[in-house]
Amino acid sequence: MKNKENWKPTKFIYKKGKLRASRDEKQVSYSSRLVADLIGRFYDSVLKKYAKGNLLDLGCGNVPLYDAYNSFVIDNICVDWGNSFHRNEFLDMKADLNKTLEISDNRFDTIVLSDVLEHIKEPKLLWNEMYRILKNNGVLIMNVPFFYWLHEEPYDYYRYTKYSLRVMAEESGFEVVEINPLGGAPEILTDITAKTIRMIPLIGKPISIIIQKLTWLFINSRVGNKISKLTCDKFPVGYGLIAKKKIHNKN
């Protein structure tokens with residue numbers, strides 16, 4: 001990663017040893033904190049388990065997960081396109097992820113694709129490219145939204161179910177290790193409410209923040225956690241996926 005010495009936490013920060021959304025409104029909108037917290041919790045759990053070796057951060061933006069995976073990998077390469085809404089001073093390579101990547105075969109042990117696939121017009125090509133540039137037994141770690149508003153418009157193209165994710169992964173040669181729904185009905189209702197209430201002058205912002213805090217406490221309680229888990233299969237906020245490149249026999 002270029003300019004590592006200039007890197008600072010942006011979208012995600014560590015607090016009390018756990019990865020969570022930044023409370024800096026320049027990094028995360030106050031009405032999106034709950035969803036970003038869910039994503040942070042997912043990566044906090046899986047990166048320590050799966051990230052290894054040489055890591056490729058695809059569609060990296062300002063590399064918000066760098067602090068979360070840095071201690072588990074040898075090196076990280078950052079790739080994004082030139083029209084990103086994010087700062088690009090950390091890029092090692094500019095690339096259109098809708099096209100063939102100028103990266104050699106079997107190069108990386110880990111790929112991170114965070115909140116990117118919904119912005120790709122040609123997802124099948126990207127799946128094939130990720131498979132090609134991963135080493136055998138290399139791991140893809142990614143997340144996508146499902147019940148979530150349009151964002152980074154006009155470059156927001158798709159929403160994926162767990163079934164479409166599995167089909168695309170397996171058709172590209174991957175073995176799916178995990179597909180985890182991120183959040184359920186309580187989180188969706190809160191996210192929609194927070195984003196709607198924020199439009200009310202004066203009181204919108206504090207109410208939006210408060211209801212997200214209350215929902216976070218609720219879903220981490222015994223009853224709230226049970227309701228979230230019971231509803232997440234039919235009403236997921238999004239998905240986290242872990243896939244592995246299968247080993248090919250040389251015979």
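Residues numbered from 1 in each chain as written. Predicted model: local features only at pLDDT ≥ 70, side-chain atom pairs only at ≥ 80, totals over all residues. Heavy atoms only, no water.

Asker: What is the right way to look at helix H6 (residues 204-219) in this model?
Answerer: In this model H6 runs 23 Å from its N-terminal to its C-terminal C-alpha over 16 residues, within 8% of the 22 Å that 1.5 Å per residue would give. If you check which residues of H6 are buried, you get Gly204, Ser208, Ile209, Gln212, Thr215 and Ile219. Taken down its axis, H6 places every buried residue within 130 degrees of arc, on the same side. For H6, the exposed residues set more than 90 degrees away from the buried face come down to Lys213, Leu214 and Leu217. Those residues of H6 that are buried lie in contact with helix H1 (33-50), helix H5 (185-197) and helix H7 (222-231). (Helix = DSSP H or I, 4+ residues; strand = E, 2+ residues; numbered from the N terminus. Expected span 1.5 Å × (residues − 1). Buried < 20%, exposed > 50% of the residue type's maximum accessible area, 1.4 Å probe, protein only. Arc of directions from axis to C-beta. Contact = heavy atoms within 4.5 Å.)

Asker: Would you take a moment to explain the pattern of salt bridges for this structure?
Answerer: It is possible for side chains of opposite charge to pair when their charged atoms get near one another. Taken as a whole and assessed by the stated rule, the structure comprises 13 salt bridges. Where Asp75 meets Lys4, a salt bridge forms, and the shortest distance between an N and an O atom there is 3.3 Å. One end of the pair, Asp75, is in strand E4 (residues 75-80); the other, Lys4, is in the segment before strand E1 (12-15), with 71 residues separating them in the sequence. Taken together, the salt bridges that share partners define one network made up of Asp105, Glu129 and Arg132. (Salt bridge = Lys/Arg side-chain N within 4 Å of Asp/Glu carboxyl O.)

Asker: How should the layout of surface pockets be read in this particular structure?
Answerer: The method is simple in principle: a probe with the dimensions of a water molecule rolls over the atoms, and the space it marks as empty is what remains. Space inside the second largest pocket adds up to approximately 530 Å³. Around the second largest pocket, the lining is made up of 16 residues, and of these Lys18, Arg20, Arg23, Asp37 and Trp216 lie nearest the centre. Taken together, the elements giving at least two residues each to the lining of the second largest pocket come down to strand E2 (18-21), H1 and H6. In terms of residue count, the dominant contributor to the lining of the second largest pocket is H1 (5 residues). Residue classes in the lining of the second largest pocket are distributed as 4 nonpolar, 2 polar and 10 charged. (1 Å grid on protein atoms, 1.4 Å probe; cavity = no way out; pocket = protein on both sides within 12 Å on 5 of 7 lines; lining within 4 Å. Points joined across faces, edges and corners; volume = space filled by probe spheres on them. Nonpolar A, V, L, I, M, F, W, Y, C, P; charged D, E, K, R; others polar.)

Asker: Before we go on, may I ask you to explain the pairing of strand E3 (residues 54-58) in this structure?
Answerer: A regular strand carries its side chains on alternate faces of the sheet. Here E3 lies mainly inside the structure; 4 of its 5 residues are buried. Bridge count for E3 against E4 is 5 bridges, and the pairing is parallel. Within E4, the residue paired with Asp57 across the bridge is Cys78. When E3 meets strand E6 (residues 108-114), the two strands line up parallel, connected through 4 bridges. Paired with Leu55 across the strands is Thr110, a residue of E6. (Pairing = 2+ DSSP bridges.)

Asker: Which parts of the structure should I look at to understand the packing of H1 against H6?
Answerer: Between H1 and H6, whose axes approach to 9 Å, the crossing angle comes to 35 degrees. For the pair H1 and H6, the contacting residues are Arg33, Leu34, Asp37, Leu38 and Arg41 in the first and Ile209, Gln212, Thr215, Trp216 and Ile219 in the second. Partitioned by chemical class, the residues of the contact of H1 with H6 number 5 nonpolar, 2 polar and 3 charged. (Axes fitted to C-alpha atoms, helices over the stretch in contact; angles between N-to-C directions.)

Asker: Just checking my understanding: could you explain the sheet that holds strand E7 (residues 134-145) for this structure?
Answerer: Think of a sheet as strands paired side by side through backbone hydrogen bonds, with each pair either parallel or antiparallel. With mixed pairing, the 7 strands of this open sheet are ordered in space as E5-E4-E3-E6-E7-E9-E8. Strands with a single pairing partner mark the edges of an open sheet, and in this sheet they are strand E5 (93-94) and strand E8 (174-182). Contacting E3, E6, E7, E8 and strand E9 (238-245), helix H3 (residues 123-133) crosses the sheet at an angle of about 145 degrees to E7. The sheet contacts of helix H4 (residues 162-171) involve E7, E8 and E9, and relative to E8 the element is tilted by about 160 degrees.

Asker: I would appreciate a short explanation of H7 in the present structure.
Answerer: Turn by turn, an α-helix covers 3.6 residues, leaving residues three or four places apart pointing in a common direction. All of the buried residues along H7 are Gly224, Ser228 and Thr231. Down the axis of H7, the sector holding all buried residues measures 80 degrees, keeping them to one side. H7 presents Arg222, Val223, Lys226, Lys229 and Leu230 as exposed residues on the side facing more than 90 degrees away from its buried surface. Here the buried face of H7 lies against H5 and H6.

Asker: Can you help me understand the packing of H5 against H6 in this one?
Answerer: In helix packing, the relevant descriptors are the interaxial angle and the interaxial distance, both defined with respect to the helix axes. Packing of H5 against H6 leaves a shortest axis separation of 8 Å and a crossing angle of 170 degrees. Accordingly, the angle class assigned to the pair H5 and H6 is roughly antiparallel. Contacts from Pro186, Glu187, Thr190, Thr193, Ala194 and Ile197 in H5 reach Gly204, Ile207, Ser208, Ile211, Gln212, Thr215, Phe218 and Ile219 in H6. Classifying every residue of the contact of H5 with H6 by side-chain character gives 7 nonpolar, 6 polar and 1 charged. (Parallel < 35°, antiparallel > 145°, perpendicular 65-115°, else oblique.)

Remember that the coordinates give geometry; whether it matters functionally is a separate question.
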